[in-house]
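Each chain, letter by letter, is given below.
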Amino acid sequence: MAKYTIKRLLQSFVTVLIVVTIVFLLLRLLPTDYYFTEDQLMKFTDQQKHDALEAAGLLDSPGKQLIRFYGQLLHFDFGQSRRIQNGVAVTKVIGSKFAVSMRLGMISLGIALVVGVTMGIIQARFKDKIPDHIGTAYTIFVNAVPGLVSYSLVLIFGSRVLGLPSMYSTRRVAESSILPIVCLAMTSIAFYALWTRRYMVDEINKDYIKLARVKGMSTKSIMVKHVLRNAFVPLAQYLPASLLLTISGSLLVEKFFSVPGMGPLLTDAIGRYDTNVVQTLVILYASLGIIGVFLGDVLMMLIDPRIKLVDDGGTR
């Protein structure tokens, strides 16, 4: 376990470093005019622009800039935003938005787990009956209908029938968070319901379940002690990644409900050529994804000790 952990951490570090390096070098291919704000472009002379670029080190060779960038990362210095919030530290720009996305994401994921897994269990328990057909219809609807259409339906029903705020408001945080949370949870509910049902149906048809029935175990005991436990093992692998990526925000939902979260930040930073924000977000998203996969493997092993992360030869 220790050997596997160290190996995976090293692989994760190298992967993040490669991704960040590629993004850094690609951003340096942009014209230097993108370093300046619109006001600066209008007011600065060519000499002032040159002096500013030289002071920022943007006229140095790419290799020298990259080494300096690595040094800044070691000190957790991500620089300042140039376009989104000029002169404000990138960590502060991201931090305020991350808190909003984390709150909505955590609540929506909790709802999705409870509702989705419960729905999957009911579908598996009543396979090919009315509850199963209802759950299947919901899953098909969510996956088949474009997100904007389903979000619009939620918005219309929530605002006109229930009287909920249609847009996110910092003055009515609790009420205005309901519709975004519902939209965030919809797809995840369908995902967990679909795979819980599928894994449980697979388990129900296995020989050890038939043997348990012959021994006289009740259906409830079989479903809880054997079927659900074994069916949840594959799902557990995706839980940490879902948690970490969900709290980082959803572009479509947050844009649709004007939520000041992480979702639209990356596209906004790219569109406005805010390189420091783009680089920091790439590091964040790459790290969250890689850590999520690693924690998923560990969680799966903890739930089912029969699973080994390494074989006798020391490889996964």
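Residues numbered from 1 in each chain as written. Predicted model: local features only at pLDDT ≥ 70, side-chain atom pairs only at ≥ 80, totals over all residues. Heavy atoms only, no water.

Colleague: Explain the overall build of the chain here, please?
Modeller: Each helix and strand in the chain was counted, giving 15 helices and zero strands. Based on the C-alpha atoms only, the size of the chain along its principal axes is roughly 85 × 60 × 30 Å. Buried positions account for 38% of the 316 residues belonging to the chain. Restricting to contacts in the chain with at least 6 residues of sequence separation, those with at least 24 account for 70%. Roughly 17,800 Å² of accessible area belongs to the chain as shown, and the carbon and sulfur atoms make up 66% of that amount. Once the 33 positive and 21 negative side-chain charges of the chain are each reduced to a mean point, those two points are 10 Å apart. (Helix = DSSP H or I, 4+ residues; strand = E, 2+ residues; numbered from the N terminus. Buried < 20%, exposed > 50% of the residue type's maximum accessible area, 1.4 Å probe, protein only. Contact = heavy atoms within 4.5 Å. Areas by Shrake-Rupley, 256 points an atom, 1.4 Å probe, with all protein chains shown as cover. Lys, Arg positive; Asp, Glu negative; His and termini not counted. Charge placed at Lys NZ, Arg CZ, Asp CG, Glu CD.)

Colleague: Can you help me understand the nonpolar core in this one?
Modeller: Generally speaking, nonpolar side chains in soluble globular proteins are found buried as a group. If you look at the biggest cluster of nonpolar residues, it comprises 21 residues, and the most contacted ones within it are Ile-189, Tyr-192, Met-200, Ile-222, Met-223 and Val-227. Of all elements in the fold, only helix H5 (90-125), helix H9 (178-204), helix H10 (207-214) and helix H11 (219-236) reach the threshold of two or more residues within this core. In terms of residue count, H9 provides more of this core than any other element does, eight residues in total. Discounting residues that sit within four places of it in the chain, Met-200 has contacts with Gly-120, Ile-121, Ala-124, Met-223, Val-227, Leu-228 and Ala-231. (Core = buried A, V, L, I, M, F, W, Y, C linked by side-chain atoms within 4.5 Å.)

Colleague: Would you mind showing me how to read helix H7 (residues 147-161) here?
Modeller: Because an α-helix packs 3.6 residues into every turn, residues spaced three or four apart end up facing the same way. When the terminal C-alpha atoms of H7 are compared, their 21 Å separation across 15 residues agrees well with the 21 Å that a helix rising 1.5 Å per residue should span. Here the buried face of H7 lies against H9 and helix H13 (251-256). One or two steps after H7, the chain reaches Gly-163, where phi turns positive at roughly 75°. (Expected span 1.5 Å × (residues − 1).)

Colleague: Would you take a moment to explain the pattern of salt bridges for this structure?
Modeller: Close approach of charged atoms lets side chains of opposite charge pair. A full pass over the atoms with the stated rule returns five salt bridges. For Asp-60, the salt bridge identified is with Arg-68, shortest N-O distance 3.1 Å. By relative accessible area, Asp-60 is classed as partly exposed at 27%. (Salt bridge = Lys/Arg side-chain N within 4 Å of Asp/Glu carboxyl O.)

Colleague: Explain a nonpolar patch on the surface here, please?
Modeller: Residues Phe-13, Val-14, Leu-17, Ile-18, Ile-22, Leu-26 and Leu-29 make up a contiguous nonpolar surface patch of about 700 Å² in total accessible area. Within the secondary structure, Phe-13 is located in helix H1 (residues 2-27). The class of Phe-13 is exposed, set by a relative accessible area of 55%. (Patch = residues over 30% accessible without salt bridge, like charges linked within 9 Å, V, L, I, M, F, W, Y side chains within 5 Å.)

Colleague: For this particular structure, what's the right way to read the packing of aromatic side chains?
Modeller: Within a pair of aromatic rings, the relevant descriptors are the distance that separates the centres and the angle that separates the planes. This structure, assessed with the given rule, holds six aromatic pairs. An angle of 80° between the planes, with centres 5.2 Å apart, marks the rings of Phe-191 and Tyr-192 as edge-to-face. Here Tyr-192 falls in the buried class, since its relative accessible area comes to 2%. Measuring from ring centre to ring centre gives 5.6 Å for Trp-195 and Tyr-199, while their planes differ by 35°; the resulting arrangement is tilted. In this pair, Trp-195 and Tyr-199 are both assigned in helix H9, four residues apart and thus about one turn of the helix distant. Among the aromatic residues, ring-to-ring pairing joins Phe-24, Phe-69 and Tyr-70 into one connected group. Lying over the aromatic face of Trp-195, Arg-198 brings its terminal NZ or CZ to 4.6 Å of the ring centre. (Phe/Tyr/Trp six-rings, centres within 6.5 Å; stacked < 30°, edge-to-face > 60°. Lys NZ or Arg CZ within 6 Å of the ring centre and 35° of its normal.)

Colleague: What am I meant to see in unusual backbone geometry here?
Modeller: A negative phi angle is the norm for most residues apart from glycine, just as the trans form is the norm for most peptide bonds. With a phi close to 55°, Phe-76 is a non-glycine residue in the positive phi region. Locating Phe-76 in the fold gives a position in the loop between helix H4 (62-74) and H5. In this structure Phe-76 comes out as exposed when scored by relative accessible area, which is 66%. Phi is positive for Ser-258, which is not a glycine, with a value near 55°. Checked against the element boundaries, Ser-258 lands in the loop between H13 and helix H14 (265-271).

Colleague: I would appreciate a short explanation of the packing of H1 against H4 in the present structure.
Modeller: Helix packing geometry: the angle between the two helix axes and the distance between the axes. Close contact between H1 and H4 brings their axes to 11 Å; oriented N to C, the two are set at 130°. Considered as vectors, H1 and H4 are oriented oblique to each other. Between H1 and H4 lies a crossing whose hand is right-handed. Counted together, Leu-17, Val-20, Thr-21, Phe-24 and Leu-25 of H1 and Pro-62, Gln-65, Leu-66, Phe-69, Tyr-70 and Leu-73 of H4 form the full contact between these two elements. The residue makeup of the contact of H1 with H4, split by class, is nine nonpolar, two polar and no charged. (Axes fitted to C-alpha atoms, helices over the stretch in contact; angles between N-to-C directions. Parallel < 35°, antiparallel > 145°, perpendicular 65-115°, else oblique. Left-handed = near helix turned anticlockwise from the far one by under 90°. Nonpolar A, V, L, I, M, F, W, Y, C, P; charged D, E, K, R; others polar.)

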